[in-house]
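Fold and geometry: a report
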Amino acid sequence: MHALHARLPKNFILEERLERFANFIEPAPWTLKGRWAEACYPSLGIVNDFEDVLNNTDKCSKEHSVKKPARFDAVHLDLGCGKGVFTCDIAVMHPNILFIGMDSEPICIAYAAQHASKAKLDNVIFVPGDAAKLSRYFSANEISCIHLNFPTPFPRKKECTKRLTHAHMLNSYREILAPDGLVRLKTDSIPLYRFSLTQIESAGYKLRWKSDNVREMLPNDPATGYELRLTAQGATVHGYEITPGPRPQSIELDMSMSLIDYLPEDLSELDYIPHGMQGTVTNLRNKRLRSKNKQI
Ligand SMILES: C[S@@+](CC[C@H](N)C(=O)[O-])C[C@H]1O[C@@H](n2cnc3c(N)ncnc32)[C@H](O)[C@@H]1O
C-alpha cells in the first residue's frame, strides 16, 4: 500500500470527498483545453466592456459598448501539487491569475480541493492528471508558468524519465508554455537539483537564475506543504527558473541518469538526506561499508 494511503484518517472516503468538493475539481481537463482562462472565470457568462471602447463611449449607453468574455490574465500550473497548500496560498496573492493544481494522486486532489473550498478561492482549480499527458489538457501558449515544487525524485536510472525536470519532460512543457513562459523548480534534494541543471541545455531552455537558497531568493513566495515539513527536518531549498529557447533538433543525453551519481562522494558529508532517497543512501552506505570490510 502507498504510504499516503496508510496515513489516511479512518473517516476518509475518497469518492465522498471528491463529490463534496467537486466545485474545485475538473475531472475532464481535456474538455477545457485552450479555454481554461475563460471557462474557469468566476463570473462566467458576464461580459466586460473593452476598456478602449469604454474610454470613448458614454458608460451609460450600453448599446454602444463592445463586449468580450471575462477571463483570467494568465494561467499557472502547479504540477505535482500534493495537497495544494502552495497552490491556494499563491492564488490568494494573485487574484487575476488562474492557478491549476495537478496531481496524479486523487487523494491529494481531494485534500487540495477541500483546502480551496475552506479558503473560498475562486481562482483555483484542481485536476487529477499525469504530467506525461499535458498536451492533452492544454493548448500551445496556454500556460505562463509551471511550478515544480519538491517533485518526486525517482532516484533510480530506470525511472529517470518520470522526473518532472527530465529533458523529455521539459520538452513536453514547451508544447503548452507561452514563448516567454517559465518553469520554476524548488527541491530539498541536491542530487535532483544537480541532475536537473544538466537537463536545461539539452532541452533547449535558458537558465534565468539558480539558487541554493530559494527561500532567501523568493522571500514572498508561500511555502509548500513539503517545504514546511522538510525544512523543519534541516533541508534547504534549491531551485531554478528557466524559459524555453530555440527547440533543439534532437535531445542529447550523455549525462548520468542515476541520482546516486549526483550524491557527494563522501556520504558522511551528507547531514541531510533528501526526501525519497533515504533507502538509496542507506543501501549505498551499507554497500561501501561491506566492500571496505572485505578489503580489511
Ligand atoms: C513530494 S510531493 C510534493 C507536493 C507539493 N508540490 C509540495 O511541495 O508540497 C510530489 C507530488 O507529485 C505528484 N506526482 C509525481 N509524479 C507525478 C506526475 N507524473 N504527474 C502528476 N503528479 C505527479 C505526487 O503524487 C506527489 O503528490
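Report follows, based on the coordinates. Given the structure is predicted, the values throughout are model-derived calculations rather than measurements.

**Observations concerning the overall build of the protein**
The secondary structure content of the protein amounts to twelve helices and nine strands. Taking all 296 residues of the protein together, 47% fall into the buried category. By sequence separation, contacts in the protein at least 24 residues apart represent 77% of the contacts at least 6 residues apart. Working note: accessible area of the protein is about 16,100 Å², and carbon and sulfur atoms make up 51% of it.

**So, the sheet that holds strand β9 (residues 238-244)**
Reading across from one edge, β5-β4-β3-β6-β7-β9-β8 is the order of the seven strands in this open sheet, with mixed pairing throughout. Edge positions in the sheet fall to β5 (124-128) and β8 (205-211), since each of these pairs with one other strand and no more. Put simply, the sheet's adjacent strands are angled 20° from each other on average, direction ignored. Pairing geometry for strand β3 (residues 74-79) and strand β4 (residues 97-103), over six bridges, is parallel. Note that in β4 the partner of L79 across the bridge is M102.

**Considerations on the site of the ligand**
Close to the ligand lie 16 residues; G80, D103, N149, T224 and Y226 are nearest. Within the backbone of G80, an N or O atom sits 2.7 Å from a nitrogen atom of the ligand. The protein chains hide 89% of the 600 Å² of surface that the ligand would expose on its own. With respect to the pocket detection grid, the ligand is positioned in the largest pocket. Its residues assigned to classes, the shell around the ligand shows five nonpolar, eight polar and three charged.

**Looking at empty space enclosed by the protein**
Considering all chains together, one arrives at one cavity of 30 Å³ or more under this definition. Reported here for the largest cavity is a volume of approximately 40 Å³. In terms of lining residues, the largest cavity is bounded by F150, P151, P153, T187, D188, S189, L192 and H275. Among the residues making up the lining of the largest cavity, the classes are represented as four nonpolar, three polar and one charged.

**Focus on the layout of surface pockets**
The probe, sized like a water molecule, is rolled over the atoms to show the empty space still left. In this structure, the largest pocket encloses a volume near 1,300 Å³. The wall of the largest pocket is formed by 43 residues, among which D103, E105, F150, T152 and Y226 lie closest to the centre. If you list the elements that add at least two residues to the lining of the largest pocket, you get α1 (3-6), β3, α5 (85-93), β4, α11 (225-231) and α12 (278-295). There is about 200 Å³ of room inside the second largest pocket. In terms of lining, the second largest pocket is formed by 15 residues, of which the most central are I190, H238, L270, D271 and Y272. For the lining of the second largest pocket, the leading source of residues is helix α9 (residues 190-202), giving three residues.

**So, the nonpolar core**
Ranked by internal contacts, the top residues of the largest apolar core, which has 35 residues, are L77, L79, F138, I146 and Y173. Of all the elements, helix α8 (residues 167-174) adds the most residues to this core, at four residues. In terms of nonpolar packing, the next biggest core, distinct from the first, is built from 18 residues, F21, I25, F86 and C88 among them.

**Here we look at a positive patch on the surface**
Together, K287, R288, R290 and K294 give the surface a local cluster of positive charge. Structurally, K294 is set in helix α12.

**Some remarks on the pattern of salt bridges**
A complete count under the given rule lists nine salt bridges for this structure. In this structure, R20 engages E16 in a salt bridge whose closest nitrogen and oxygen atoms are separated by 2.7 Å. Of this pair, R20 and E16 both sit in helix α2 (residues 14-20), four residues apart, roughly one helical turn. On the basis of relative accessible area, R20 is assigned to the partly exposed category, the value being 48%. Relative accessible area serves as the criterion here: at 33%, E16 is assigned to the partly exposed category. For R215, the salt bridge is made with E227, and the minimal N-O distance between the two is 2.6 Å. With R215 in helix α10 (residues 214-217) and E227 in helix α11, the pair connects residues that are twelve residues apart, well separated along the chain. Assessed through its relative accessible area of 30%, R215 is described here as partly exposed. On the basis of relative accessibility, which here comes to 3%, the residue E227 falls in the buried class.

Conventions used here
- Residues numbered from 1 in each chain as written.
- Predicted model: local features only at pLDDT ≥ 70, side-chain atom pairs only at ≥ 80, totals over all residues.
- Heavy atoms only, no water.
- Helix = DSSP H or I, 4+ residues; strand = E, 2+ residues; numbered from the N terminus.
- Buried < 20%, exposed > 50% of the residue type's maximum accessible area, 1.4 Å probe, protein only.
- Contact = heavy atoms within 4.5 Å.
- Areas by Shrake-Rupley, 256 points an atom, 1.4 Å probe, with all protein chains shown as cover.
- Pairing = 2+ DSSP bridges.
- Axes fitted to C-alpha atoms, helices over the stretch in contact; angles between N-to-C directions.
- Near = heavy atom within 4 Å.
- Polar contact = N/O pair within 3.5 Å; in protein donor to acceptor, adjacent residues only side chain to side chain.
- 1 Å grid on protein atoms, 1.4 Å probe; cavity = no way out; pocket = protein on both sides within 12 Å on 5 of 7 lines; lining within 4 Å.
- Sits in = over half its atoms within 2 Å of the grid points.
- Nonpolar A, V, L, I, M, F, W, Y, C, P; charged D, E, K, R; others polar.
- Points joined across faces, edges and corners; volume = space filled by probe spheres on them.
- Core = buried A, V, L, I, M, F, W, Y, C linked by side-chain atoms within 4.5 Å.
- Patch = residues over 30% accessible without salt bridge, like charges linked within 9 Å, V, L, I, M, F, W, Y side chains within 5 Å.
- Salt bridge = Lys/Arg side-chain N within 4 Å of Asp/Glu carboxyl O.
- Lys, Arg positive; Asp, Glu negative; His and termini not counted.
- Charge placed at Lys NZ, Arg CZ, Asp CG, Glu CD.

Read these as layout, nothing more, since geometry by itself doesn't imply function.
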